[in-house]
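# Descriptive structure summary
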Amino acid sequence: TPPMLERTPLMLERTPLMLERTPPLSLSDVVHRFKNMTTTRYIRGVKNDGWLPFGGKLWQRNYWERIIRNDSEWERIRAYIHNNPARWEHDKLYRK
């Protein structure tokens, strides 16, 4: 069974993901496959669909992880991720 992935908004400087890990895949396997799949799709979009090319790396090398321990924490983090794009202009990583 593949990991369960939450719908999440994409942001320029970060991509939060919430998922349930299902053996036999480790978290690093899931992240690697996600980065590989999205990079492949992006390259295909640039070549075939007129997407704008990006000159740098699409993904940073590492990632930050947090284990969610209960339902209330899951809901709190879900709300944070959902509402985060509305606060993007106030983020320290925001650039005009």
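This structure is a prediction, so every number in the text was calculated from the model and none was measured.

Conventions adopted
Residues numbered from 1 in each chain as written. Predicted model: local features only at pLDDT ≥ 70, side-chain atom pairs only at ≥ 80, totals over all residues. Heavy atoms only, no water. pLDDT = per-residue confidence, 0-100. Helix = DSSP H or I, 4+ residues; strand = E, 2+ residues; numbered from the N terminus. Contact = heavy atoms within 4.5 Å.

### Observations concerning the confidence of the model for the protein
The predicted coordinates should not be examined in detail at positions where pLDDT is low. On average, residues of the protein score 78 in pLDDT, and 80% of them are at 70 or above. Averaged pLDDT values over the elements of the protein bottom out at 50 in strand 1 (residues 4–5) and peak at 90 in helix 1 (residues 27–48).

### A word on the side chain of Glu 73
Locating Glu 73 in the fold gives a position in helix 2 (residues 71–83). Other than its neighbours up to four places away in sequence, Glu 73 contacts Arg 66, Ile 67 and Ile 68.

### Quick look at the environment of Asp 49
If you trace the backbone, Asp 49 turns up in the loop between helix 1 and helix 2. The contact partners of Asp 49, leaving out residues within four places of it in the chain, are Arg 41 and Arg 44.

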